[in-house]
Amino acid sequence: MIDVHFDKDCDKLIARISGELDLVIADKFRTAVDQALDRGNCSKLILDLSRVTFIDSSGLGVILGRYKRLTPQGGVMAIVAPQPQVEKILEFSGIKRIIKLYASEKEALDEI
Amino acid sequence: MKILNQIKIEFMSVPDNVALARVAIASLAAQLDFTLNDIEEIKVATSEAVSNAIIHGYDGEPMGNVTIYGTIYDSALEIKVVDKGRGIGNLEEAMQPAFSTCPERMGLGFVFMQSFMSDFSVDTEVGQGTTVTMIKRLENRPVAMKLEG
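Everything in this summary refers to the structure shown in the same document.

The rules behind the values
Residues numbered from 1 in each chain as written. Chains lettered and ligands numbered in written order. Predicted model: local features only at pLDDT ≥ 70, side-chain atom pairs only at ≥ 80, totals over all residues. Heavy atoms only, no water. Helix = DSSP H or I, 4+ residues; strand = E, 2+ residues; numbered from the N terminus. Buried < 20%, exposed > 50% of the residue type's maximum accessible area, 1.4 Å probe, protein only. Contact = heavy atoms within 4.5 Å. Areas by Shrake-Rupley, 256 points an atom, 1.4 Å probe, with all protein chains shown as cover. Axes fitted to C-alpha atoms, helices over the stretch in contact; angles between N-to-C directions. Parallel < 35°, antiparallel > 145°, perpendicular 65-115°, else oblique. Left-handed = near helix turned anticlockwise from the far one by under 90°. Nonpolar A, V, L, I, M, F, W, Y, C, P; charged D, E, K, R; others polar. Buried area = accessible area lost by both parts, 1.4 Å probe. Salt bridge = Lys/Arg side-chain N within 4 Å of Asp/Glu carboxyl O. Polar contact = N/O pair within 3.5 Å; in protein donor to acceptor, adjacent residues only side chain to side chain. Core = buried A, V, L, I, M, F, W, Y, C linked by side-chain atoms within 4.5 Å. Phe/Tyr/Trp six-rings, centres within 6.5 Å; stacked < 30°, edge-to-face > 60°. Lys NZ or Arg CZ within 6 Å of the ring centre and 35° of its normal.

The next thing to look at is the overall build of chain B. From N to C terminus, chain B includes 4 helices and 5 strands. Seen in sequence order, chain B has helices and strands lined up from the N terminus as β-α-α-β-β-α-α-β-β. For chain B, the residues scored as buried account for 50% of the 149 residues in total. Within chain B, contacts between residues separated by at least 24 positions form 66% of all contacts whose residues are at least 6 apart in sequence. For chain B, the exposed area adds up to about 7,700 Å²; of that, 53% sits on carbon and sulfur atoms.

The following block contains the structure:
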């Protein structure tokens, strides 16, 4: 099970995700985020992962895919407050080197 | 090595069963004295192996059959994930970090399995299927320093 809730702040889309980000969720997550980006005409995406308890390469693939979609058009992505086990996977995969992590949504909103 | 416990779960190649497999294996792993970090790594490795069987072994078709064996030894957990799918044509290429047949995937499945488990092997034959065997040993943990004097 995963829940995604969206908020919009100017051109910034905030996606708050809860649950386990694996193969079964990846497609739904990808579709939900892409539709919200299109609907809001947003070029900046803040992924609040504070309630994500598990992630594997399927989940990482969706994050990387959104990064590849946004950055060629000057977009920006940020990740907020991943739990330690999720942050470890983000670091191991190299995603932490290309997408900046923030401690809070406010910090991310102020910075990007 | 003496077998202390063993489970076998057989399921259809449906993505919803990835979570089932990793939770079952994590519960089995908890019977040994693994750390929480070890258990998280075991969950990721299991998720990757089962996801590969479903996505690559059976091309996402739900009627395939995946079998997962979990075996507890005195000081190790062995996980075997078996599919009878299409097999891997070029294993060396598939094992390369960031190799992926899909642009939305990272190609890190085998890398996670290798990195998070003590031992890892793949037995595959085109048209016959793939068996991934992973072992996590208890000994991979820091040993408390002895104080001398």
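All names here are of chain A. One way to put it is that helix 1 (residues 23-40) packs onto helix 2 (residues 57-70) with a least axis distance of 8 Å and a crossing angle of 20 degrees. Overall, the two elements helix 1 and helix 2 adopt an arrangement that is roughly parallel. Both helix 1 and helix 2 take part in a crossing whose hand is right-handed. Together, Leu 23, Ala 26, Phe 29, Arg 30, Val 33, Asp 34, Leu 37 and Asp 38 of helix 1 and Ser 58, Val 62, Arg 66, Arg 69 and Leu 70 of helix 2 make up the contact between the two elements. Of the residues that constitute the contact of helix 1 with helix 2, the class distribution is 7 nonpolar, 1 polar and 5 charged.

Moving on to the interface of chain A and chain B. Contacts between the two partners involve 24 residues from chain A and, on the opposite side, 25 residues from chain B. Regarding the contact of chain A and chain B, the summed buried area is about 1,900 Å², with carbon and sulfur atoms giving 60% of it. Close ionic contact of Arg 22 of chain B with Asp 22 of chain A constitutes a salt bridge, the shortest N to O distance being 2.8 Å. Along the contact surface separating chain A from chain B lie 6 residue pairs in polar contact (both at pLDDT 80 or more). Going through the elements one at a time, helix 1, strand 3 (44-55), helix 2 and helix 3 (84-93) of chain A are the ones with two or more residues in the side of chain A that touches chain B. At 9 residues, the largest contribution of residues to the side of chain A that touches chain B is made by helix 2 of chain A. Partitioned by chemical class, the residues of the side of chain A that touches chain B number 10 nonpolar, 7 polar and 7 charged.

Grouped together as the largest cluster of nonpolar side chains are 36 residues, with contacts concentrated most on Ile 68, Leu 77, Ile 79 and Met 134 of chain B. Those residues within four positions of Ile 79 of chain B in sequence are excluded, and the remaining contacts are Ile 25, Ile 42, Thr 46, Ile 68, Tyr 69, Met 117, Val 132, Thr 133 and Met 134 of chain B. Counting residues in each nonpolar core, the second largest holds 34 residues, with Ala 26, Cys 42 and Ile 79 of chain A together with Phe 116 of chain B among its members.

What is expected of a backbone is that most residues other than glycine have negative phi and most peptide bonds are trans. All names here are of chain A. We note that Asn 41 has phi near 50 degrees; this positive angle belongs to a residue other than glycine. Within the fold, Asn 41 resides in the loop between helix 1 and strand 3. The phi torsion at Ala 81 lies on the positive side, around 50 degrees, for a residue other than glycine. Tracing the chain through its elements places Ala 81 in the loop between strand 4 (76-80) and helix 3.

Attention now moves to the packing of aromatic side chains. In this structure the tally under the stated criterion is 4 aromatic pairs over all chains. Pairwise contacts between aromatic rings join Phe 92 of chain A together with Phe 112 and Phe 116 of chain B into one cluster. Taking the ring centre of Phe 54 of chain A as reference, the NZ or CZ of Arg 22 of chain B above it sits at 3.9 Å.

Next up on the list: the pattern of salt bridges. Residue and element names in this part refer to chain A. This structure, assessed with the given rule, holds 18 salt bridges over all chains. Notably, a salt bridge pairs Glu 105 with Arg 16, separated by 2.7 Å at the nearest N-O pair. Of the two residues, Glu 105 sits in helix 5 (residues 105-111) while Arg 16 sits in strand 2 (residues 12-21), which places them 89 residues apart along the sequence. For the salt bridge of Arg 69 with Asp 34, the shortest nitrogen-to-oxygen distance reads 3.2 Å. Pair noted here: Arg 69 is in helix 2 and Asp 34 is in helix 1, with a separation of 35 residues, a long-range link.

The analysis is restricted to geometry; functional conclusions fall outside its scope.
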